[in-house]
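Per-entry structural report
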Amino acid sequence: MPDMTSVNDWQMWAVLAGLCIAIVFYCWERFAIEMVSAAIVAILLVFFHFFPLETDNPSVSALLAGFANPALITIMALLIVGQGIFQTGAMEGPTQALLRSFDQYPKATLLGMFAFVFVISAFINNTPVVVMFVPILGAIAKRMEQSASKLMIPLSYICIFAGMTTLIGSSTNLLVADSLLTTTGVHLGFFAPTGPGLFLAGIGVLYVMFILPKLLPDHSSMEEELAGAGGRQFIAQLEVTSDHPLAGKKPVAGMFVDLPDMTVRMIQRGEHALLPPFDQIELRPGDLVIVAATRQTLTDLLSKNADFMRGLLRTSGPGPGEEPNPGDQLKMTEAVVAPGSRLIGRTIAQIGFRHATGCVVLGIQRRSRMIRSRMGEIRLEAGDTLLLFGTSNAMRSMRADRDLLLMEWSSTALADPRRANIARAIFAGVVLFAATGTMPIAVASFLGAVAMIVGGCLNTRQAARAVDIRVYLLIGSAIALGTAMQSTGAADLLALGVVSVFEPFGPVVLMSALFILVALLTNVLSNNATAILFTPIAIGAAHQMGADPTLFAMTVLLAANTSFATPIGYQTNLLVMGPGHYRFIDYLRAGTPLIILFWAGYTAYIAMYYALGGA
């Protein structure tokens, strides 16, 4: 053990105290995560400047190295890639296929999806797997009418479970195997972790199915709360063109199946208004279909059917034939006709709304009555709510308009399908290069992020917004804390202290103690740093006891993967933090019982192993 009278002693205890205080502030949430993270780094920089260690004092570069950590850069780049996928609606096809299956077989679809995630995460880097399934689970959560926070942490946990079952399931496993080979010359086989890994994964899956749903929060984003569809009906108008998906469609029992959850109130054909019931009508190019629908229904129609969106894009520019530029953020928002507005008494056509604002009026909602008329013939009244579609720049230019009160809190982003194929190709390339090892995941993801911008899938402003500053500062400060713990000997003190205390009680007790210590520290330090630190210590303890060093190394391998209790524990936890709207304490509440279960389960596994003569 480190000399307790060494000159570094008080700095070591100061760092350990600082670690405890940092965790308290993260859980307290009285201050923003960004502020706490930045304060941690600032305090460490000042502390080691004025109170340097006599040996191995961490330099400024070492303390700030976390902000250039390849794993952190990978996460930021993948967030940009994911934003490009969202902006173009590139995952809409697979998402809708799964949603259709979910509508018919909800439980089987969810179980099948998580089983698929488990299998592929055992053999490829699980970061792109999470990126792939986050939007799909978000759509399923909406279909289930519950918060995405109920599904995002389970997605991360399933990936972590799978990473325990093969040698390449996690980079942590490879580091432990390399340390074992260097120290003892023993090769760890590809499926060496499979037995105990599957045992623990089985415990984890049962936990995710039956216990975790009761512990997860029900967080809804502000956007979801304010911009939800509600039950308000808008009058909207769909123009059927020659290549429109509605061209040639006929009603079934008076309903148009291509317009789900909408009421067709009228079909305008030339000068004739066709009213329900619609029995023998076939929609033709040039028809105007007047429907009553909620905002959510209109949003779903545009996001699920690229042909509807393309038709709308052709009419959404500032002038005929002009479309928004690729990469422009497309939005839907609401605006209210102000009292005394110059728009009162005039129709949308008379106003020249599209030419004047660059936005299209998708629908009109009037509280007093439901209108049955072409939108171009409706004369606006004070208090009318207009559902607008256009680019974020066009919406921004309307802020100063005194005739319309723009309700910006109701804005929601829509996907632009024109670059969907490019986005799919970029995403597939990132996953393929990372999965096959053609290039490191950090390089593949960074190239993917750049390609998304160059390919017009999103612009630089959208890419900058995709970078979550909370995640960036959080993981950078965590790495800085880990560096301080290793430099002062705090990590060594904990590790060697456990070995010296529990070694007299035999290998089962020692491995059990090692497991829980590594499991706790891997949620504070990086799992890779924990594996590198503890593997030599565990192997040394095995040699002292005359035990199998492979089993001790496997203990470190499995424990270092139990990164459930903090968002900084593993990169997949960080990736789902934003989409799930999680707070720091949500991970603590969801992950702590699972760590205890894994500890108890692994202790039982080791006890059975020795009881059956495995040593």
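Residues numbered from 1 in each chain as written. Predicted model: local features only at pLDDT ≥ 70, side-chain atom pairs only at ≥ 80, totals over all residues. Heavy atoms only, no water.

Topic: the overall build of the protein
- Scanning the protein from N- to C-terminus turns up 27 helices and eight strands.
- In the protein, which comprises 615 residues, the share counted as buried stands at 53%.
- When the accessible area of the protein is evaluated, it comes to approximately 26,300 Å², of which 63% is carbon and sulfur surface. (Helix = DSSP H or I, 4+ residues; strand = E, 2+ residues; numbered from the N terminus. Buried < 20%, exposed > 50% of the residue type's maximum accessible area, 1.4 Å probe, protein only. Areas by Shrake-Rupley, 256 points an atom, 1.4 Å probe, with all protein chains shown as cover.)

Some details on the pairing of strand 4 (residues 288–294)
- Taking burial as the measure, the seven residues of strand 4 include seven buried ones, the bulk of the element.
- Across the two faces of strand 4 the burial is the same, with Leu-288, Ile-290, Ala-292 and Thr-294 and Val-289, Val-291 and Ala-293 all buried.
- In this sheet, strand 4 lies alongside strand 1 (residues 233–239) in antiparallel orientation, the contact comprising seven bridges. Bridge assignment links Ile-235 to a residue of strand 4, and that residue is Ala-292.
- Pairing of strand 2 (residues 263–269) with strand 4, which is carried by five bridges, proceeds in the antiparallel orientation. In the sheet register, Gln-268 faces strand 4, and the bridge partner there is Leu-288. (Pairing = 2+ DSSP bridges.)

Concerning the nonpolar core
- One finds Leu-137, Ile-140, Tyr-157, Phe-161, Phe-552 and Phe-564 to be the most contacted residues of the largest nonpolar core, which totals 135 residues.
- Residues Phe-278, Ile-281, Phe-308 and Leu-414 belong to the second largest nonpolar core, which totals 26 residues. (Core = buried A, V, L, I, M, F, W, Y, C linked by side-chain atoms within 4.5 Å.)

Observations regarding the confidence of the model for the protein
- Per-residue pLDDT for the protein averages 81, and the proportion of residues at 70 or more is 87%.
- Scored below 50 in pLDDT, residues 1–7 makes 13 contacts in the model with residues more than four places away or belonging to other chains.
- Here residues 315–321 scores under 50 on pLDDT; set against residues more than four positions off or in separate chains, the count is 19 contacts. (pLDDT = per-residue confidence, 0-100. Contact = heavy atoms within 4.5 Å.)

What about the pairing of strand 5 (residues 330–337)?
- Along strand 5, seven of the eight residues are buried, which leaves the element largely enclosed by surrounding structure.
- Here strand 5 pairs with strand 7 (residues 385–391) via seven bridges, running antiparallel. Counterpart to Val-336 in the pairing with strand 7 is Thr-385.

Overview of helix 19 (residues 441–454)
- The end-to-end C-alpha distance of helix 19 is 20 Å, a good match for the 20 Å that 14 residues give at a rise of 1.5 Å each.
- Among the residues of helix 19, those classed as buried are Ile-441, Ala-444, Ser-445, Gly-448, Ala-449 and Met-452. End-on view of helix 19: buried residues confined to an arc of 135°, all on one side of the axis.
- A positive phi of about 80° marks Gly-456, the residue just after helix 19. (Expected span 1.5 Å × (residues − 1). Arc of directions from axis to C-beta.)

Considerations on the environment of Met-209
- Tracing the sequence through the fold places Met-209 in helix 10 (residues 194–210).
- Relative accessible area serves as the criterion here: at 42%, Met-209 is assigned to the partly exposed category.
- For the pair Met-209 and Leu-111, spaced 98 residues apart in sequence, the C-alpha to C-alpha distance is 9.8 Å.

Some thoughts on a nonpolar patch on the surface
- Nonpolar side chains collect at one region of the surface, where Ile-21, Val-24, Phe-25, Trp-28, Phe-31 and Met-35 lie side by side and expose about 610 Å² of accessible area between them.
- For the nonpolar patch, the element with the most residues is helix 1 (residues 9–28), which contributes four residues.
- Mapped onto the secondary structure, Trp-28 falls in helix 1.
- A relative accessible area of 53% places Trp-28 in the exposed class. (Patch = residues over 30% accessible without salt bridge, like charges linked within 9 Å, V, L, I, M, F, W, Y side chains within 5 Å. Salt bridge = Lys/Arg side-chain N within 4 Å of Asp/Glu carboxyl O.)

Brief notes about the packing of aromatic side chains
- The tally for this structure, following the rule as stated, stands at 19 aromatic pairs.
- With 5.6 Å between their ring centres and 65° between their planes, Trp-10 and Phe-47 make a pair best called edge-to-face. Remark: Phe-47 occurs in helix 2 (residues 33–50) and Trp-10 occurs in helix 1; sequence separation between them is 37 residues.
- Its relative accessible area of 45% is what places Trp-10 among the partly exposed residues. (Phe/Tyr/Trp six-rings, centres within 6.5 Å; stacked < 30°, edge-to-face > 60°.)

Overview of the side chain of Thr-165
- Turning to its location among the elements, Thr-165 is positioned in the loop between helix 8 (152–163) and helix 9 (171–184).
- On the accessibility criterion, Thr-165 (4% relative accessible area) is buried.
- Here Ala-162 takes part through its backbone oxygen, which lies 2.6 Å from a polar atom of the side chain of Thr-165.
- Contact partners of Thr-165, with chain neighbours within four places excluded, come to Phe-118, Ala-122, Pro-193, Thr-194, Gly-197 and Leu-198. (Polar contact = N/O pair within 3.5 Å; in protein donor to acceptor, adjacent residues only side chain to side chain.)

Side note on unusual backbone geometry
- If you check the backbone angles, Asp-56 has positive phi at about 55° while not being a glycine.
- Relative to the helices and strands, Asp-56 is located in the loop between helix 2 and helix 3 (60–64).
- What makes Asp-56 exposed here is its relative accessible area of 55%.
- With a phi close to 55°, His-581 is a non-glycine residue in the positive phi region.
- Overall, His-581 belongs to the partly exposed group, its relative accessible area being 27%.

Focus: the packing of helix 6 (residues 106–121) against helix 8
- Two elements in contact, helix 6 and helix 8, have axes whose closest approach is 8 Å; the angle formed by their N-to-C orientations is 40°. Comparing their axes, helix 8 and helix 6 come out oblique. Regarding helix 6 and helix 8, the two cross each other, and that crossing is right-handed. Counting all contacts with helix 6, which are made through Phe-114, Val-117, Phe-118 and Ser-121, the residues of helix 8 involved are Pro-154, Leu-155, Ile-158, Cys-159, Phe-161, Ala-162 and Gly-163.
- By residue class, the composition of the contact of helix 6 with helix 8 is nine nonpolar, two polar and no charged. (Axes fitted to C-alpha atoms, helices over the stretch in contact; angles between N-to-C directions. Parallel < 35°, antiparallel > 145°, perpendicular 65-115°, else oblique. Left-handed = near helix turned anticlockwise from the far one by under 90°. Nonpolar A, V, L, I, M, F, W, Y, C, P; charged D, E, K, R; others polar.)

With respect to the side chain of Ser-170
- Here Ser-170 is to be found in the loop between helix 8 and helix 9.
- In this structure Ser-170 comes out as buried when scored by relative accessible area, which is 3%.
- At a separation of 3.2 Å, a polar atom in the side chain of Ser-170 contacts the main-chain amide nitrogen of Thr-172.
- Contact partners of Ser-170, with chain neighbours within four places excluded, come to Gly-163, Asn-561 and Tyr-570.

Quick look at the packing of helix 23 (residues 507–521) against helix 25 (residues 549–560)
- Two elements in contact, helix 23 and helix 25, have axes separated by 8 Å at closest approach and are oriented at 30°. Accordingly, the angle class assigned to the pair helix 23 and helix 25 is roughly parallel. For the crossing formed where helix 23 meets helix 25, the hand is right-handed. Touching Pro-507, Leu-510, Met-511, Leu-514, Phe-515, Val-518 and Ala-519 of helix 23 are Leu-551, Phe-552, Thr-555, Val-556, Leu-558, Ala-559 and Ala-560, all from helix 25.
- Split into classes, the residues belonging to the contact of helix 23 with helix 25 amount to 13 nonpolar, one polar and no charged.

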